[in-house]
Amino acid sequence: MDFTRDSTQTIVAEMVDGLIAREPADLWAALSDAGLSTMLLPEAAGGDGLGLPEAAVVLTELAKHAAVGPALATIGFGIVPLTALTGPEVIARIAQPGAILTAALAEPRSPFPLDPATKAVPDGDRMRVTGTKIAVAYAEQAHRILVPTSEGIVLVDPKADGVTCTRTPSSTGEPEYVVEMDDVPGEFVSLDTARLYRLAVAAIGAVADGLAAGAAELTATHLANRHQFGKPLATFQAVAGEIADVYVTARTLHVAAVSAVWQASLENDGGGGDGDVLAYWIAAELPAAMQMCHHLHGGIGVDVTYPMHRYYSAAKDLARLLGGAAHRLEILGAACSSN
């Protein structure tokens, strides 16, 4: 299939429209059948050789419908980093059609640690991994998990002896786990843990971009069609000011996300400073914008049969995965002071 940005947006939008009421796994199966995962693989691994910018289009379009499912974990945390960090022979073996991949990006009290407490010890041509990771999306369902360790990134089979996956709560209700590893065999991938994190943040930003755009559009449509005192809610000055604030947040997030995706897609990304700005904006501003959208919907916004809650829940999970606003501001401040 000849993929372009516009055709990819159309394909994803049509699939989501048809499958929105079904399980996330059904949507992911449909996306895989359409080739939207293999398109990101290098040509030597049977793919179309596309990269992070095209992956971002898929993730953003899904998020506009609040229907990401396993796509962020598999594409953003799995396929894109593998393509950037390892060779086509490994990718062809690991990124099998329809398989779910994920990455273990956080440890207890340490989101995205550059010096992970998880240990890896060489064992011939393999590695032995011991440690604990938290908030690992789709860990139990995954074919492989990319695990940052003291010796670099290691691929771990979640079904291997010594791996324990304990499900933990998430705002969306999608599968998330604490993964405990005790002398687990793994396959070395790369030393560049920082690049994995930068690619993951860019993918998270693409999802956040879609969530903000989708929630803003949903809210604006509601305000245009809902009447009070014989007038659309959108004509009231206070309401217009509040939805304008949401729009500004959404557009700023879009600019930050596009910039971070572009920077992270470069072979020499210069350290990913745009990703630090994006991560802070997601953690600090996206949940607040979602709160405003709920407020503008009134009682309808808290009805679980109405889609607004899916946007807010997904936004909260992303902000938590990134470590929260204070943590991200500290990282951003440290980066600024070192320049």
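Everything numeric in this text was worked out from a predicted model, so none of it was measured.

J.: It is not clear to me how the pairing of strand β6 (residues 144-149) should be interpreted in this structure. Could you clarify?
T.: For a regular strand, the rule is simple: side chains alternate between the two faces of the sheet. By the criterion of burial, β6 is predominantly enclosed, with 5 of the 6 residues buried. Strand direction decides the pairing type here: strand β1 (residues 101-103) and β6, joined by 3 bridges, are parallel. Paired with Leu 101 across the two strands is Arg 144, which belongs to β6. Summarising the sheet, β6 and strand β7 (residues 152-156) pair through 5 bridges and their orientation is antiparallel. Of the residues in β7, the one forming a bridge with Leu 146 is Leu 155. The antiparallel hairpin formed by β6 and β7 contains 2 residues in its connecting segment.

J.: Quick question: what am I supposed to make of the nonpolar core here?
T.: As a rule of thumb, soluble globular proteins bury nonpolar side chains together. Within the largest apolar cluster, 105 residues are counted, with the highest numbers of intra-cluster contacts made by Leu 72, Phe 77, Phe 112, Val 179, Ile 204, Ile 282 and Met 290. When residues of this core are assigned to their parent elements, the largest contribution, 16 residues, is made by helix α6 (residues 193-225). In this view, Leu 72 contacts Leu 59, Phe 77, Ala 203, Ile 204, Val 207 and Leu 318; residues no more than four positions away in its chain are not counted.

J.: Mind showing me how you'd approach empty space enclosed by the protein here?
T.: Where empty space is left in the structure can be found by rolling a water-sized probe over the atoms. Applying the stated rule across the entire model yields 3 cavities of 30 Å³ or more. The volume enclosed by the largest cavity comes to roughly 60 Å³. Taken together, 13 residues line the largest cavity, and the ones lying closest to its centre are Ser 37, Ile 79, Ala 95, Gln 96 and Ala 99. Secondary structure elements with two or more residues in the lining of the largest cavity: α2 (24-33) and α4 (71-85).

J.: Before we go on, may I ask you to explain the side chain of Thr 193 in this structure?
T.: Looking at where Thr 193 falls in the secondary structure, it is placed in helix α6. Exposure remark for Thr 193: the relative accessible area of 7% places this residue in the buried category. Beyond its immediate chain neighbours, meaning those up to four positions away, Thr 193 contacts Pro 113, Pro 148, Gly 152 and Ile 153.

J.: Before we go on, may I ask you to explain the environment of Asp 48 in this structure?
T.: The topology assignment puts Asp 48 in the loop between α2 and α3 (52-64). Judged by relative accessible area, Asp 48 falls into the partly exposed class, the value being 33%. Separated by 146 residues in the primary sequence, Asp 48 and Ala 194 have C-alpha atoms spaced 26 Å apart.

J.: In this structure, what is going on with the packing of helix α8 (residues 273-297) against helix α9 (residues 308-321)? I would like to understand it.
T.: Across the interface, α8 lies against α9 with an axial gap of 9 Å and an inter-helix angle of 160°. On the basis of the axis angle, α8 is roughly antiparallel to α9. Considering only the axes of α8 and α9, their crossing is left-handed. For the pair α8 and α9, contact is made by Ile 282, Ala 283, Leu 286, Pro 287, Met 290, Gln 291, Cys 293, His 294 and His 297 and by Met 308, His 309, Tyr 311, Tyr 312, Ala 315, Leu 318 and Ala 319, respectively.

The rules we used
Residues numbered from 1 in each chain as written. Predicted model: local features only at pLDDT ≥ 70, side-chain atom pairs only at ≥ 80, totals over all residues. Heavy atoms only, no water. Buried < 20%, exposed > 50% of the residue type's maximum accessible area, 1.4 Å probe, protein only. Helix = DSSP H or I, 4+ residues; strand = E, 2+ residues; numbered from the N terminus. Pairing = 2+ DSSP bridges. Core = buried A, V, L, I, M, F, W, Y, C linked by side-chain atoms within 4.5 Å. Contact = heavy atoms within 4.5 Å. 1 Å grid on protein atoms, 1.4 Å probe; cavity = no way out; pocket = protein on both sides within 12 Å on 5 of 7 lines; lining within 4 Å. Points joined across faces, edges and corners; volume = space filled by probe spheres on them. Axes fitted to C-alpha atoms, helices over the stretch in contact; angles between N-to-C directions. Parallel < 35°, antiparallel > 145°, perpendicular 65-115°, else oblique. Left-handed = near helix turned anticlockwise from the far one by under 90°.

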